[in-house]
Amino acid sequence: MVKGDNINDIIDHKLFSEDDIHEMCVRLGAQLTKDYAGKRPLVVGALKGAIYFLTDLTRQMDVAHQLDFLDVSSYGDGFESTGKIKVVTDLAADVKDRDVLIIEDIVDTGLTLKFMKDLIKKRGAKSVKCCAMLNKEARRNVDVDVDYFGSKVGNEFVVGYGLDFLNMYRNLPYVGVLKPEVIQKYMNK
Ligand code: 5GP
């Protein structure tokens, strides 16, 4: 039986533990500290999924930076990208002449990241790069660079550490694969 409201009941298996994710943040934070030294970047969190990774990653970056958020929608409440992307909540900051670092939870087809990079470039940013926790490289169908990432991941639907299913389960402290019966339960409604 799937209770569904208890997050410990919904995971089939773990892919990345809290320690794995901490190691990613330490490694990427050290790299970003080097690459952004003296640049005072604008760090842009892609809402909502990236916030958990962002707060841990930026605390490993010894670089003065400013923070902003961008919410673009590409997915409905399901698994597949609709292909249509729109800005839901725009940046507050002016990106002109700024070094912008987008933080993403996961890059899948690449459509969302390409949309965000193009938007920020069009507004006159000096540089636009992305650091993603996870990279579903094999699913890419547009040409976009994921400049930094924590780990590659296969073609599985993952949740936790910011990644959602129907806007739930973001608060799992690790990344895992949902039990098929959880998906069934909600898909049959
Ligand atoms: P893309 O535009 O690259 O296809 O999709 C990017 C967005 O799709 C991510 O920011 C994330 O919100 C969602 N997404 C892609 N793959 C997964 C996944 O395995 N699990 C979850 N929870 N969301 C995903």
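**Student:** How should the sheet that holds strand S9 (residues 175–178) be read in this particular structure?
**Tutor:** Within a sheet, neighbouring strands are paired by backbone hydrogen bonds and run either parallel or antiparallel to one another. Ordered by their spatial adjacency, three strands build an open sheet running S1-S9-S8, and the pairing between neighbours is antiparallel. Unpaired on one side and paired on the other, strand S1 (11–16) and strand S8 (158–159) mark the two borders of the sheet. Pairing of S8 with S9, which is carried by two bridges, proceeds in the antiparallel orientation. Paired with valine 158 across the two strands is valine 177, which belongs to S9. Strands in contact with helix H1 (residues 18–35) are S1 and S9; relative to S1, the strand with the most contacts, it is inclined by about 30°.

**Student:** What is the right way to look at the site of the ligand in this model?
**Tutor:** Near the ligand you find 16 residues, and of these Thr109, Thr112, Lys136, Val158 and Asp164 are the closest. Glycine 110 places a polar main-chain atom, nitrogen or oxygen, 2.8 Å from an oxygen atom of the ligand. Threonine 112 places a side-chain nitrogen or oxygen 2.4 Å from an oxygen atom of the ligand. Bound to the protein, the ligand loses 92% of the 510 Å² it would expose on its own. Those elements giving two or more residues to the shell around the ligand turn out to be strand S5 (99–107) and helix H3 (111–122). Here the residues of the shell around the ligand sort into seven nonpolar, three polar and six charged.

**Student:** Would you explain a negative patch on the surface in this entry?
**Tutor:** On the surface, Glu18, Asp19, Asp20 and Glu23 cluster together into a negatively charged patch. By the element assignment, glutamate 18 lies in helix H1.

**Student:** Help me understand the packing of aromatic side chains, please; the structure alone is not making it clear to me.
**Tutor:** Given two aromatic rings, one states the distance between the centres and the angle between the planes to describe the pair. This structure, assessed with the given rule, holds one aromatic pair. With a centroid separation of 6.2 Å and an interplanar angle of 75°, the aromatic rings of phenylalanine 157 and phenylalanine 165 are classed as edge-to-face. Overall, phenylalanine 157 belongs to the partly exposed group, its relative accessible area being 23%. Seen from the ring of tyrosine 174, lysine 14 lies directly overhead, with NZ or CZ sitting 4.5 Å from the centre. The ring of tyrosine 36 is capped by lysine 39, whose NZ or CZ atom sits 5.7 Å from the centre of that ring.

What counts, and where the lines are drawn
Residues numbered from 1 in each chain as written. Predicted model: local features only at pLDDT ≥ 70, side-chain atom pairs only at ≥ 80, totals over all residues. Heavy atoms only, no water. Pairing = 2+ DSSP bridges. Helix = DSSP H or I, 4+ residues; strand = E, 2+ residues; numbered from the N terminus. Contact = heavy atoms within 4.5 Å. Axes fitted to C-alpha atoms, helices over the stretch in contact; angles between N-to-C directions. Near = heavy atom within 4 Å. Polar contact = N/O pair within 3.5 Å; in protein donor to acceptor, adjacent residues only side chain to side chain. Areas by Shrake-Rupley, 256 points an atom, 1.4 Å probe, with all protein chains shown as cover. Nonpolar A, V, L, I, M, F, W, Y, C, P; charged D, E, K, R; others polar. Patch = residues over 30% accessible without salt bridge, like charges linked within 9 Å, V, L, I, M, F, W, Y side chains within 5 Å. Salt bridge = Lys/Arg side-chain N within 4 Å of Asp/Glu carboxyl O. Lys, Arg positive; Asp, Glu negative; His and termini not counted. Charge placed at Lys NZ, Arg CZ, Asp CG, Glu CD. Phe/Tyr/Trp six-rings, centres within 6.5 Å; stacked < 30°, edge-to-face > 60°. Buried < 20%, exposed > 50% of the residue type's maximum accessible area, 1.4 Å probe, protein only. Lys NZ or Arg CZ within 6 Å of the ring centre and 35° of its normal.

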